[in-house]
Amino acid sequence: MTSRSARTVWVLGDQLHRDLNHLRGADPADTEVLFVVSRSKLRSAPWHRQRLHLILSAMRRFANELEAEGFAVDWRVTETMSEGVRAHFDERRPDQLRVMEPMNRAGAALLDRLSAELPLDVVPGDQFLCSRHEFADWADGHVRRDGSLLMEDFYRWQRRRLNVLIDGDGEPVGGRWNFDDENRLPPPKHEVQWPDVAFEIPDEVDEWVDELLSSVEGLRCVGAPSKGLWAADRAGVLKRLDHFIDTSLAGFGPYEDAIIAEERFLNHSILSPYLNLGLIHPKEVVARVLERAGDVPLNSLEGFIRQIIGWREFVYGLYWWFGEDYLDSNVFDDDAPVPPSFLGEPTDMNCVAHVARWVDEDGWTHHIPRLMVLANLATLAGVRPHSMLRWMWASFVDGAEWVMAPNILGMGMYADGGRMSTKPYVSGGNYLSKMTNFCGSCVFDKKERVGEHACPFTTLYWDFLDRNRESLRPNHRMARMYANLDRLADLDEVRARAVEVRQRLRAGTL
Ligand SMILES: Cc1cc2nc3c(=O)[nH]c(=O)nc-3n(C[C@H](O)[C@H](O)[C@H](O)COP(=O)(O)OP(=O)(O)OC[C@H]3O[C@@H](n4cnc5c(N)ncnc54)[C@H](O)[C@@H]3O)c2cc1C
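All values reported here derive from a predicted model rather than from experimental measurement. (Residues numbered from 1 in each chain as written. Predicted model: local features only at pLDDT ≥ 70, side-chain atom pairs only at ≥ 80, totals over all residues. Heavy atoms only, no water.)

Honestly, the site of the ligand in this entry has me stumped. Any pointers?
Of all residues adjacent to the ligand, which total 28 residues, the nearest are His268, Ser269, Ile270, Asn276 and Met404. Taking His268, its side chain carries an N or O atom lying 2.7 Å from an oxygen atom of the ligand. In this structure, an oxygen atom belonging to the ligand sits 2.8 Å away from a side-chain N or O atom of Asn276. Of all the secondary structure elements, the ones that give two or more residues to the shell around the ligand are helix 9 (272-277), helix 11 (298-322), helix 13 (367-381) and helix 15 (401-412). Among the elements that take part in the shell around the ligand, helix 11 stands out by supplying 6 residues, more than any other. The class makeup of the residues in the shell around the ligand is 15 nonpolar, 10 polar and 3 charged. Viewed by domain, the shell around the ligand spans two of them, domain 2 (132-214 + 232-322) and domain 3 (340-507), each represented by three or more residues. (Near = heavy atom within 4 Å. Polar contact = N/O pair within 3.5 Å; in protein donor to acceptor, adjacent residues only side chain to side chain. Helix = DSSP H or I, 4+ residues; strand = E, 2+ residues; numbered from the N terminus. Nonpolar A, V, L, I, M, F, W, Y, C, P; charged D, E, K, R; others polar. Domains from an automatic or database assignment.)

So this is what it looks like as structure tokens:
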């Protein structure tokens, strides 16, 4: 490319959509598109190899699509992001360097720094149905007396203002906002035919990405290589969405909170990485799903819509609303490292062994293994929340700071002292056994609190309540748990066993 374009649009790696604010209306005749891959970012963590592969492959495929449309593309691989942008500017001297507001704070800080030296035109982000500024306005009027915000309040506000599943009188279709009572079933006892999962066949772009990655010195990757689980371009993603709607949407609701050892995907959509990279917009997902509203049971339809316009948007809004310090949340002052068993070291805990294998093989699990197995055990074992955040961020293909901070620090670990959830999401082996089929074949006994065969979740659950009595007992939502704790006659033995369990978790010998 030798001729000079009047404008450059710099596309960040999670803004891969032609119809977003940075590229909407852009004309190939006067616009060049810049992509920068930073080697130091690639080296900055032990990333799951499928995560890096997916991001780079999606960026390269999007760049190719723009080229096919006539855009000049400047693709740079440089040591840092700023270096790549500066080099582009020095060579091309565009009148305007447009970039869209990033979804994460680190990206926003980078743009602030670069703005001091380059003519950046930072346009508002429109990757969500509710921007962070709209969320902040909503939040100002909805803070509860204890300082918290409720997802349910936000969700109803979203449903009404977006007119999603709302009848002519402004009320929820079906007369209820929530079908949780139909959507929390344990694993079915009867045989169920679960939907199949689509796979991609590797092509020359995949080879190109592999070469790029192997050219980066000092790169540390973890996890299994790709089996083709992840689509990396828009056409592939639209097919995945249709596949989900055709095969899984109708059954989405009932077993969304269950975990089944032999079936890792169940009826989940497996769309999070695509939404998070910008390959598909939530409004497209909602529109496609609503087209099928008449064919799908309302509990499944509403359950899925709640995830997209409720939870996902709520989490994004909270990330910005909570402020920068939120990332340091550590209300229990925990400092244990992430257990080696999460990283794939052998473990006798059947649930952890399965979930760690899924993370290794796919860089993904559905919501409940993340919450009920990983975050639950991390909370019970006193893992440092920030370490858990860094590990999950590096290990999941759909990881991003905006989505992980509230989910891990707030919902998963209660490290924020209750800003996101009204009580810690902790449970012992009994609840795990109700919602999963792991416990029957596990060497540990979910009912035992003490002894060699006691389920580590059960021991640590009682120990967690005991250790945090002072801060958690006043929470009226914990009253029943503490009433049960008070009835334990063997608390001293539980405490002793918990010390041993925590040591062995840390050492990777459990
Ligand atoms: C500890 C913990 C860590 C998590 N880390 C991530 C993460 O790094 N990236 C990520 O995208 N999600 C994360 N989540 C949320 C959720 O687990 C995933 O979005 C979901 O499992 C992705 O699978 P799916 O696409 O099949 O989701 P489905 O069950 O099919 O749900 C549909 C969509 O709803 C959205 N969604 C549902 N719940 C949430 C939520 N709590 N927060 C944000 N979006 C939600 C996702 O975009 C998802 O694709 C985390 C949850 C927990 C408890």
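Additional details are given in the paragraphs that follow.
Got a minute to help me understand the packing of aromatic side chains in this structure?
In this description, an aromatic ring pair is defined by two values, namely the gap between the centres and the angle between the planes. Summed over the entire model, instances satisfying the criterion amount to 29 aromatic pairs. On the basis of an interplanar angle of 80 degrees and a centroid distance of 6.3 Å, the ring pair of Phe35 and Phe62 is categorised as edge-to-face. One end of the pair, Phe35, is in strand 2 (residues 31-38); the other, Phe62, is in helix 2 (residues 49-68), and 27 residues separate them in sequence. Looking at Phe62, the relative accessible area reads 5%, which means it is buried. Ring centres 6.2 Å apart and planes at 25 degrees place the aromatic pair Phe332 and Tyr414 in the stacked group. Of the two residues, Phe332 sits in the loop between helix 11 and helix 12 (350-362) while Tyr414 sits in the loop between helix 15 and helix 16 (429-435), which places them 82 residues apart along the sequence. With relative accessibility at 13%, the residue Phe332 sits in the buried group. The cationic tip of Arg60 hangs over the ring face of Trp75; the distance from NZ or CZ to the ring centre is 4.7 Å. Above the face of the Trp320 ring, Arg132 is positioned so that its terminal group lies 3.8 Å from the ring centre. (Phe/Tyr/Trp six-rings, centres within 6.5 Å; stacked < 30°, edge-to-face > 60°. Buried < 20%, exposed > 50% of the residue type's maximum accessible area, 1.4 Å probe, protein only. Lys NZ or Arg CZ within 6 Å of the ring centre and 35° of its normal.)

Explain the nonpolar core here, please?
Ranked by internal contacts, the top residues of the largest apolar core, which has 145 residues, are Phe35, Met388 and Phe457. The dominant element in this core, judged by the number of residues it contributes, is helix 11, at 12 residues. What Met388 contacts, discounting residues up to four positions off in sequence, is Val338, Phe342, Leu374, Ala375, Ala378, Val383, Ile408 and Met413. The next biggest cluster of nonpolar side chains, apart from the first, holds 13 residues, and it includes Leu12, Val36, Val85 and Val99. (Core = buried A, V, L, I, M, F, W, Y, C linked by side-chain atoms within 4.5 Å. Contact = heavy atoms within 4.5 Å.)

Any chance you could explain unusual backbone geometry here in plain terms?
Where the residue is not glycine, phi is negative for most of them; where a peptide bond is considered, it is trans in most cases. Of note, Leu266 is a non-glycine position whose phi angle comes to about 50 degrees, a positive value. Tracing the chain through its elements places Leu266 in the loop between helix 8 (234-247) and helix 9. One non-glycine residue with positive phi stands out, namely Tyr414, at about 55 degrees.

Keep in mind these values describe shape, not function.
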